[in-house]
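Fold and contact review
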Amino acid sequence: MTIPFENPFRISDFRFTEADQLTITSGRIRVDGGRVYRVETEAAAASDDLSYIYGGQDGMVVCLVAYNDAHTVVLKHDDTAGAGKIVTPTATDYSLDDNNKLVWLMYLSFDNHWHMLAAPSSGGTSHTLDSATHTDVGSITEAQGQLLYYNGSNWSALDPGTSGYFLKTRGTGADPMWDVAAGGATGQTGPTGAASTVAGPTGQTGPTGPTGSAGAAGAAGTTGPTGRTGSTGTTGPTGHTGPTGRGPTGPTGAAGAPASDSGYLATGFTDQTSVVVAHSFGKRPVVNVIDSSGNGVDFAVVHDSVDQITVTFNETLTGTIICAVGGYGHTGPTGAGTTGTTGQTGSTGVTGPTGPTGAAGAAGSAGSTGPTGPTGTTGSTGTTGVTGPTGPTGSTSLNRDVVTATVSGTTSE
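Rules of the game
Residues numbered from 1 in each chain as written. Predicted model: local features only at pLDDT ≥ 70, side-chain atom pairs only at ≥ 80, totals over all residues. Heavy atoms only, no water. Helix = DSSP H or I, 4+ residues; strand = E, 2+ residues; numbered from the N terminus. Areas by Shrake-Rupley, 256 points an atom, 1.4 Å probe, with all protein chains shown as cover. Core = buried A, V, L, I, M, F, W, Y, C linked by side-chain atoms within 4.5 Å. Buried < 20%, exposed > 50% of the residue type's maximum accessible area, 1.4 Å probe, protein only. Contact = heavy atoms within 4.5 Å. Salt bridge = Lys/Arg side-chain N within 4 Å of Asp/Glu carboxyl O. Pairing = 2+ DSSP bridges. Axes fitted to C-alpha atoms, helices over the stretch in contact; angles between N-to-C directions. Patch = residues over 30% accessible without salt bridge, like charges linked within 9 Å, V, L, I, M, F, W, Y side chains within 5 Å.

**Considering the overall build of the protein**
The secondary structure content of the protein amounts to zero helices and 19 strands. For the protein, the computed accessible surface area is about 27000 Å², with 53% contributed by carbon and sulfur atoms.

So this is what it looks like as structure tokens:
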């Protein structure tokens, strides 16, 4: 939906000054510009409803905050007709129950309501890394010294290794592992350890050869045929008719007798934005409106008929509508002068010029691209890695300990 802004909001219209304090009166407050307002409940009540905000103009933005932590201001959601009402995005009432809470409202003239720009959120919920929230991490039994790594498709845990081992990377495409640290002082010679039966890893496959270059583009298509000549322009308009002749005006008739159809009607109203008045005068009266304090107000009037009017206000008001008509004398008879002869008809306008020749047809499309060249040959397979060395001589023969784990899931935060 497109909202018709008559006066688009500019950030320069908002005044970042010390907040003004407003106190609710009968569910209402009045603002006098775009700024921050601290709102207090009526008579410092523990809770009070705010149903109307007067003084809004199209595009005006205000920021409201509770004046007192112990006094809750409830913004009442109401999207029915009526100027100054408040509309929340959740279509529910919103409470300012903490003076660290604030809301931003914009006044829109297409419905004369204040619209809450955003409702504060309560934030997310705490959870553990291996909870159902993270679908890319399976169930993990946590242990001190455990490490998390990505195994190519999921996140997995590498359990703690033997004391003194170091974390060893095995390059792209392989999982990390714990391994025996090299170097250090030589210990006493022990029995010869058993030969290692674990072969070194196979070398990686060589990269695929590059794709062959694309074939040459096809030749450009031929130019399309010339477009057809445009149609002849339309005939110009007929010349204006000559002026009508006028004879002398007859004498004015005598004035009619005074009329007796004058009238006056005062209609009171309470908390209204528009009022229909059936005055039954049989003519359009002069209309004026005053509020309950006797002051004039801004209003618009529509004469629905010679017996009824509709009066509309910029905000909800209480006051009086005054309708009055005065008497008029009857119109005397029309003079008896004859109408002069009709003037001659003007000559016919000239024919308009011929329309321009149509544009040439578009050029034909380019020929299709030639076929893609053949794919290059696959690179040769890398050589097999060397066999791992025999386990070191020492008090105990150690075999390399490779620890891997696989957990299904995809990364999602």
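**Section: the nonpolar core**
In a soluble, globular protein the nonpolar side chains are often hidden away together inside. Counting 23 residues, the largest nonpolar core has Leu50, Ile53, Leu64, Leu75, Leu96, Leu105 and Trp114 as its most contacted members. Listed by contribution, the elements that provide at least two residues to this core are β3 (36–40), β6 (61–66), β7 (72–75), β9 (94–96), β10 (102–108) and β11 (113–116). Among residues more than four places away in sequence, those in contact with tryptophan 114 are Val31, Ile53, Gly56, Met60, Val62, Gly84, Lys85, Ile86, Val87, Leu105, Met106 and Tyr107. Within the second largest apolar cluster, twelve residues are counted, among which are Val275, Ile309, Leu317 and Ile321.

**A word on the pattern of salt bridges**
The final tally for this structure, using the stated rule, is eight salt bridges. With its nearest N and O atoms 2.6 Å apart, the salt bridge here joins aspartate 93 to lysine 76. Of this pair, aspartate 93 sits in the loop between β8 (85–87) and β9 while lysine 76 sits in the loop between β7 and β8; the two residues are 17 residues apart in sequence, bridging distant segments of the chain. Using a relative accessible area of 35% as the deciding quantity, one classes aspartate 93 as partly exposed. The exposure class of lysine 76 is partly exposed, given its relative accessible area of 25%.

**What to know about unusual backbone geometry**
In this structure, alanine 44 is a non-glycine residue whose phi angle is positive, near 55 degrees. Relative to the assigned elements, alanine 44 resides in the loop between β3 and β4 (47–50).

**Overview of the sheet that holds β7**
By way of backbone hydrogen bonds, the strands of a sheet pair with one another, either parallel or antiparallel. Here three strands make up an open sheet; going across it, the order is β4-β7-β9 and the pairing mixed. The open sheet terminates on both sides in strands that have one partner only, identified here as β4 and β9. The average angle at which neighbouring strand axes cross in this sheet is 25 degrees, direction not considered. Inspection of the sheet shows β4 paired to β7 by four bridges, in the parallel sense. What sits directly across from serine 47, in β7, is threonine 72.

**Looking at a nonpolar patch on the surface**
On the surface, Leu102, Trp104 and Leu117 cluster together to form a nonpolar patch covering roughly 270 Å² of accessible area. With respect to the helices, strands and loops of the structure, tryptophan 104 is situated in strand β10. When its relative accessible area of 32% is taken as the criterion, tryptophan 104 is described as partly exposed.

**Focus on the pairing of strand β13 (residues 155–158)**
Taken together, the four bridges between strand β12 (residues 147–150) and β13 define a ladder with antiparallel strand orientation. What sits directly across from tyrosine 149, in β13, is serine 156. Here β12 folds back onto β13, and the loop between the two strands holds four residues, one of which, glycine 152, carries a positive phi near 105 degrees.

**Looking at the sheet that holds β8**
Strand order in the open sheet formed by six strands is β1-β3-β6-β10-β11-β8, with mixed pairing between adjacent strands. The outermost strands of the open sheet, each flanked by one partner alone, are β1 (20–23) and β8. Each strand axis lies, on average, 35 degrees off the axis of its neighbour in the sheet, ignoring direction. Looking at chain direction, β1 and β3 are connected through four bridges and run parallel. When the bridges of β3 are listed, threonine 23 appears paired with glutamate 40.

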